[in-house]
Amino acid sequence: MSSVEEAKIATGQSTNGTTEKSVQKSEPPELPTPDPLNPFHFPDFALPTGIMFNGAPVMKCPVKDDSLTHVQKIRALDMRAEDILITAYPKCGTHWVAEILHMLTSGTSEHNRRTKEYTMLEFCDDLSFLDTLTSPRVLNSHLVMAHLPTQIVDKNVKLVHVIRGPKDTAVSMYHHLKQSASDQFTFDNFIKGYVTGEYIVFSHQFEYLRQMAQFERAHPDQPIMHVHYEDLKQDPSSVIHELSQFIGRPASPAFCHEVASACGFSNMKKADADRTMPESLTKLRTSKLHLYRKGIVGDWKNQFTVAQNEMFDEFLAQQKQKGFGFEPKGHV
Ligand code: A3P
């Protein structure tokens, strides 16, 4: 079955492309005038800053410094040779991999008592907090390589890069942003704004992947492990075992299995309720965002209409022509 047919079925649309609509005689509601700077109604915090640094757009950092100053500080951050840095485009499974690495480095299957934002570079209000952590530190960031510490290369820091299929990533991101957006921020609006790459603070996933591929080509000796969300979903214990070898702490099959179970979707969701958030985030919002939504592969089929799927496929074809950087798994 083609992906378009699957999407048709998922949306309840008939295969000849028609949908049933009730006949309404009332006047159409007056539509609000679109804001030329935000025609697709993205939430404010997700809009681009319009600031460039080292050739890449600066994302908004919810910290006391302005975003550019904070990114410049991150770029100059002292790294340690034992550090492990998770690098991922948002919504690819960063929390999941962060928890796994927390367990592998601590040698227990106890959940981290702190949210991953404590060690997320762009959310870390006071970067000197990172100096207080014992090695090996598990840090994480959604920043592009051009904004990450230069010492990553000097200290040969291990990078764990998380990748997820672009349609599922987009759906997950929409639901993430929707929690802070108005009713006008529909999935249709999201997809239209997302594919242009102009209305979202960190651009779209392929810009990120291309930059990562470029970095890897320029630094062939950098230790980088690419983790696909779909592989982690299919066989978590094997990926966890590979991760344990990559970070130089080979774990037994029994421990990998224990970590896989503790980091399963429902256990992670439960554990999240007890975690503390960093102060920078509590200032921003009083409650945590719902990060553990569905945790499945292929949810895009429940979300995309036929037309949206066609638009996205066209976007993917354009991106493929430019070079994907990395071939994500899952419905490309
Ligand atoms: P969905 O919105 O599709 O459910 P990130 O951590 O990069 O923000 O990514 C969040 C996505 O990873 C969400 O996807 C979330 O549910 C999923 N996720 C988090 N922990 C997971 C787990 N243990 N197993 C499967 N998916 C998980």
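Note that this is a predicted model, so its numbers are computed, not measured.

Draft legend 1. Representation of the nonpolar core. Counting 86 residues, the largest nonpolar core has F42, I100, L101, L104, F190, Y194 and L243 as its most contacted members. For this core, the element with the most residues is helix α3 (residues 94-106), which contributes 7 residues. In contact with L101, other than residues within four places in its own chain, are I84, I86, V138, V160, L243 and I247. Within the second largest apolar cluster, 5 residues are counted, among which are V58, C61, V63 and V71.

Draft legend 2. The site of the ligand, seen in detail. Close contacts around the ligand come from 18 residues, with T94, H95, S172, Y229 and K294 the closest. Measuring from a nitrogen atom of the ligand, one finds a side-chain N or O atom of W96 at 3.3 Å. R164 places a polar side-chain atom, nitrogen or oxygen, 3.0 Å from an oxygen atom of the ligand. For the ligand, whose free accessible area comes to 570 Å², the fraction covered by protein is 98%. Elements with a minimum of two residues in the shell around the ligand: α3 and α11 (265-272). Counting residues per element, the shell around the ligand draws most heavily on α3, at 3 residues. For the shell around the ligand, the residue count by class is 8 nonpolar, 6 polar and 4 charged.

Draft legend 3. The arrangement of the packing of helix α6 (residues 187-196) against helix α13 (residues 306-322) in detail. Viewed as axis vectors pointing N to C, α6 and α13 meet at an angle of 10°, and their least axial separation amounts to 11 Å. Here α6 is positioned roughly parallel relative to α13, judged by the angle of their axes. Handedness of the crossing formed by α6 with α13: left-handed. Residues F187, D188, I191, K192, Y194 and V195 of α6 touch α13, and the partners they reach there are Q308, M311, F312 and F315. Tallied by class, the residues present in the contact of α6 with α13 amount to 7 nonpolar, 1 polar and 2 charged.

Draft legend 4. The arrangement of the pattern of salt bridges in detail. Here the structure, examined in full by the defined rule, presents 10 salt bridges. As a salt-bridge pair, K73 and D65 come within 2.6 Å of each other at their nearest N and O atoms. For R210, the salt bridge is made with E207, and the minimal N-O distance between the two is 3.3 Å. You can see R210 and its partner E207 sitting in helix α7 (residues 205-218), 3 residues apart, about one turn around the helix. On the basis of relative accessibility, which here comes to 29%, the residue E207 falls in the partly exposed class. One continuous salt-bridge network, built from bridges that share partners, spans E99, D272 and R275.

Draft legend 5. Broad picture of the side chain of R137. By the secondary structure assignment, R137 is in the loop between α3 and β4 (138-141). Apart from the residues lying within four places of it in its own chain, the contact partners of R137 are D78, M79, R80, E82, D83, I84, L130 and D131.

Draft legend 6. Structural detail: α11. Among the residues of α11, M268, A271 and D272 are the ones counted as buried. Mapping the buried residues of α11 onto a view down its axis gives an arc of 105°, with all of them on the same face. Against the buried residues of α11 lie α3 and α10 (253-262).

Draft legend 7. Region of the structure containing the sheet that holds strand β5 (residues 158-163). Spatially, the 4 strands line up as an open sheet ordered β4-β3-β5-β6, and their pairing is parallel. The outermost strands of the open sheet, each flanked by one partner alone, are β4 and β6 (224-228). Direction aside, the axes of adjacent strands within the sheet are offset by 25° on average. Two elements, strand β3 (residues 84-88) and β5, share 5 bridges in a ladder whose sense is parallel. By the bridge assignment, I84 is partnered in β5 with K158. In the packing of α3 onto the sheet, contacts are made with β3, β4, β5 and β6, and the angle to β3 comes to roughly 165°. Most of the contacts of helix α9 (residues 236-246) go to β6, to which it runs at about 170°, and overall it touches β5 and β6.

Draft legend 8. Geometry of the pairing of β5. Burial of β5 is extensive: 5 of the 6 residues sit out of reach of the surface. Two strands pair when backbone bridges link them, and β5 and β6 are joined in this way by 5 bridges, in the parallel orientation. In the sheet register, V162 faces β6, and the bridge partner there is V227.

Draft legend 9. Expanded view of the packing of aromatic side chains. Evaluation of the coordinates by the stated rule reveals 20 aromatic pairs. Each ring, one from F40 and one from Y199, has its centre 5.2 Å from the other, and the planes form 80°; the classification is edge-to-face. With F40 in the loop between α1 (3-10) and β1 (52-53) and Y199 in the loop between α6 and α7, this pair connects stretches of sequence that are 159 residues apart. With centroids separated by 6.2 Å and ring planes inclined at 65°, the aromatic side chains of Y194 and F315 adopt a geometry described as edge-to-face. On the criterion of sequence distance, the pair formed by Y194 in helix α6 and F315 in helix α13 is long-range, its members being 121 residues apart. By relative accessible area, F315 is classed as buried at 3%. Put simply, the rings of F42, Y174, F185, F187, F190, Y194, F206, W300, F304, F312 and F315 pair up and form one aromatic cluster. In this structure, R114 packs its charged tip against the face of Y118, placed 5.1 Å from the ring centre. The ring of W300 carries K167 above its face, with NZ or CZ at 4.3 Å from the centroid.

Criteria and thresholds
Residues numbered from 1 in each chain as written. Predicted model: local features only at pLDDT ≥ 70, side-chain atom pairs only at ≥ 80, totals over all residues. Heavy atoms only, no water. Core = buried A, V, L, I, M, F, W, Y, C linked by side-chain atoms within 4.5 Å. Buried < 20%, exposed > 50% of the residue type's maximum accessible area, 1.4 Å probe, protein only. Helix = DSSP H or I, 4+ residues; strand = E, 2+ residues; numbered from the N terminus. Contact = heavy atoms within 4.5 Å. Near = heavy atom within 4 Å. Polar contact = N/O pair within 3.5 Å; in protein donor to acceptor, adjacent residues only side chain to side chain. Areas by Shrake-Rupley, 256 points an atom, 1.4 Å probe, with all protein chains shown as cover. Nonpolar A, V, L, I, M, F, W, Y, C, P; charged D, E, K, R; others polar. Axes fitted to C-alpha atoms, helices over the stretch in contact; angles between N-to-C directions. Parallel < 35°, antiparallel > 145°, perpendicular 65-115°, else oblique. Left-handed = near helix turned anticlockwise from the far one by under 90°. Salt bridge = Lys/Arg side-chain N within 4 Å of Asp/Glu carboxyl O. Arc of directions from axis to C-beta. Pairing = 2+ DSSP bridges. Phe/Tyr/Trp six-rings, centres within 6.5 Å; stacked < 30°, edge-to-face > 60°. Lys NZ or Arg CZ within 6 Å of the ring centre and 35° of its normal.

Note that every value here comes from positions in space, so none of it alone points to a role or purpose.
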